[in-house]
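# Structural overview
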Amino acid sequence: MDAGATPILARRGASEPIVAIALGSGGARGLAHIVAIEALDELGVAPAAIAGTSMGALIGAAYAAGMRGRDIRAHALGVLRNRGEVMGKLLRARVGRFSDLVLRGRGNPVLLDGEICLDLFWPEAVPDFFEELAKPLLVVATDFYERRELVMSSGALGPAVAGSMAIPGLMQPVAYESRYLIDGGAVNPLPYDLLFEHADIVLAVDVTFGGRRREARRPAPFQSMFGAAQIMQGAITAQKLKMRSPDILVRPGVEQFGVLDFLRASQILRAAESAKDELKRRLSARFEAALGD
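Residues numbered from 1 in each chain as written. Predicted model: local features only at pLDDT ≥ 70, side-chain atom pairs only at ≥ 80, totals over all residues. Heavy atoms only, no water.

### Describing the overall build of the chain
The cut-off we apply is this: Helix and strand definitions here come from DSSP, where helices need a minimum of 4 consecutive H or I residues and strands a minimum of 2 consecutive E residues; each element is numbered from the N-terminal end. Classification of residues uses two cut-offs on accessible area relative to the type maximum, computed with a 1.4 Å probe and protein chains only: under 20% is buried, over 50% is exposed, and between them is partly exposed. Accessible surface is estimated by sampling points in the Shrake-Rupley manner with a 1.4 Å probe; for residues, cover comes only from the protein chains shown.
For the chain, the count of helices and strands is ten helices and eight strands. Here the chain holds 293 residues, and the buried ones make up 50% of them. Only carbon and sulfur atoms are counted for the fraction: they give 53% of the accessible area of the chain, which is about 13,900 Å².

Okay, structure coming up:
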């Protein structure tokens, strides 16, 4: 179905299938989730529920707040346009200082406070609490001391999303009630399994699939650390898919980008564009089959 066709919602009857979407982890690659949201907007499909991990939780929160894909795209490109402004905001979000490391022998001068990062980067349209969202949202994080998945759908939204994004070595763990949260990608990088009871059609957007092209040089320390996390997340997702797959799995072609390539936002979105047509074709076929029964 092309962008000018009659939206599916306008043609659906009482037996319309219910859709839910899972947006996975993947750092800057997760900007590709915006393209999937734009596809749903163009089809006129409004998911009944959204599940997100890490970057998927951040994009999912904006979507659940009622923002359209094109508005999320405009915001992302706007806040990531100027390298100097981005670096200035990241400096404001630092937890440690170089003096702590040099003079006191402790601290991490590049560690970030995830909640401050959210305040500086995410859209004003996103509310403070889950209950104020326009659509139900499930956010996945890892409870560090309990060593298990934590799924949040009520209460304060900022700490939940910040905890879901708290990549070890980059962001400090987030205090949430009586817990400390780290990156949800450590336990459930693509949380489509949380949505089967909420929908007839569960679709998932995976941006951890595949690696960057082979290079001749030895990986740098940060590259090794984040690359190892991506490998782990890909392995977890692969095992989940063997047990039960989502009804529609979309993998945008963004494997050439790194976890921290946020300043390449426009390139990531362009690379993911073909996934929009794929998602629209597959979801349209599902709806046509359901409506034809």
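Back to the write-up after that little detour.
### Considerations on the pattern of salt bridges
Here is the rule we go by: Salt bridge criterion: a side-chain nitrogen from Lys or Arg within 4 Å of a carboxyl oxygen from Asp or Glu.
For the structure shown, the criterion picks out twelve salt bridges. R179 is paired through a salt bridge with E177; the nearest N and O atoms lie 3.6 Å apart. Residue classification places R179 among the partly exposed residues on the basis of a relative accessible area of 22%. Connected through shared salt-bridge partners, E38, E42, R73, E273, K276 and K280 make up one network.

### A few points about helix α7 (residues 114-121)
To be explicit about the condition: The arc under discussion is defined with respect to the helix axis, by the directions toward the C-beta atoms. The contact definition used throughout considers only heavy atoms, calling two residues in contact when any of these lie within 4.5 Å. Pairs of N or O atoms within 3.5 Å make up the polar contacts considered here, provided that, within protein, one atom can donate a hydrogen while the other can accept it, and that residues adjacent in sequence are counted only when both atoms are side-chain atoms.
Looking only at α7, the buried set comprises G114, C117, L118, L120 and F121. Here the buried residues of α7 occupy an arc of 165° about the axis, which is enough to place them on one side. Buried residues in α7 make contact with α3 (55-64), α4 (69-79), α5 (83-92) and α8 (157-164). For α7, the N-terminal cap is D113; the gap from its side-chain oxygen to the backbone nitrogen of E115 is 3.0 Å.

### Thoughts on the side chain of T142
Checked against the element boundaries, T142 lands in strand β3 (residues 137-143). In this structure the side chain of T142 is engaged in a polar contact, spanning 2.8 Å, whose partner is the backbone oxygen of D183.

### Regarding the pairing of strand β6 (residues 179-182)
The condition that has to hold: Any two strands with at least two DSSP-identified bridges between them are counted as paired.
Relative to β6, β3 is paired through two bridges, and the arrangement is antiparallel. Paired with T142 across the strands is I182, a residue of β6. Here three bridges tie strand β5 (residues 174-176) to β6, and the two strands are oriented antiparallel to one another. Opposite V174, over in β6, you have L181 as the bridge partner.

### Re the packing of helix α2 (residues 33-43) against α3
Definition in use: The angle between two axes is taken between their N-to-C directions and runs from 0 to 180 degrees, where each axis is a line fitted to C-alpha atoms and a helix contributes only its stretch in contact. Here is the rule for angles: anything less than 35 degrees is roughly parallel, anything more than 145 is roughly antiparallel, 65 through 115 is roughly perpendicular, and the remaining ranges are oblique. Each crossing gets its handedness from the near helix: less than a right angle anticlockwise from the far helix is left-handed, clockwise is right-handed.
Relative to each other, α2 and α3 sit at 30°, their axes nearing to 10 Å. Considered as vectors, α2 and α3 are oriented roughly parallel to each other. Every pair of crossing elements has a handedness; the one defined by α2 and α3 is right-handed. Contacts between α2 and α3 involve H33, I34, I37, L40 and D41 on the former and, on the latter, G56, I59 and Y63.

### Observations concerning unusual backbone geometry
One non-glycine residue with positive phi stands out, namely S54, at about 55°. Residue position: S54 is located in the loop between β2 (49-53) and α3. Of note in the backbone geometry, R147 takes a positive phi value of approximately 55° without being a glycine. In this structure R147 comes out as exposed when scored by relative accessible area, which is 60%.

### Structural notes on the nonpolar core
Definition in use: The definition of a nonpolar core used throughout is a set of buried Ala, Val, Leu, Ile, Met, Phe, Trp, Tyr and Cys residues joined through side-chain atoms within 4.5 Å.
One finds L137, M152, L157, V161 and L283 to be the most contacted residues of the largest nonpolar core, which totals 74 residues. What L137 contacts, discounting residues up to four positions off in sequence, is I50, G60, A61, A64, F130, M152, S153 and L157. Membership of the second largest hydrophobic core comes to 16 residues, among which are L194, L195, L241 and L249.

### Remarks on a negative patch on the surface
Rules: Each patch is built from salt-bridge-free residues with over 30% relative accessible area, joining like charges within 9 Å and nonpolar side chains (Val, Leu, Ile, Met, Phe, Trp, Tyr) within 5 Å. Asp and Glu count as negative and Lys and Arg as positive, but His and the ends of the chain are not part of the count. In plain terms, the charge of a residue is placed at NZ if it is Lys, CZ if Arg, CG if Asp and CD if Glu.
There is a patch of like negative charges on the surface, built from E115, D119, D128, E131 and E132. Checked against the element boundaries, E115 lands in helix α7.

### Some words on the confidence of the model for the chain
Put simply, the rule is: In predicted models, pLDDT denotes the confidence assigned by the predictor to each residue on a 0 to 100 scale.
When pLDDT is averaged along the chain, the result is 87; 87% of the residues meet or exceed 70. Considering only residues more than four positions removed or in separate chains, one finds that residues 1-14, a stretch of pLDDT under 50, has 28 contacts. Low pLDDT (under 50) marks residues 98-107, which in the prediction has seven contacts with non-local residues, meaning those over four places away or in another chain.

### Points about the packing of α5 against α7
Test applied: Three categories are distinguished: nonpolar for Ala, Val, Leu, Ile, Met, Phe, Trp, Tyr, Cys and Pro, charged for Asp, Glu, Lys and Arg, and polar for the others, with Gly belonging to the last.
Relative orientation of the contacting elements α5 and α7 amounts to 145°, with a least axis distance of 9 Å. Handedness of the α5/α7 crossing: right-handed. On α7, the residues that touch V86, K89, L90 and R92 of α5 are I116, C117, L120 and F121. Partitioned by chemical class, the residues of the contact of α5 with α7 number six nonpolar, no polar and two charged.

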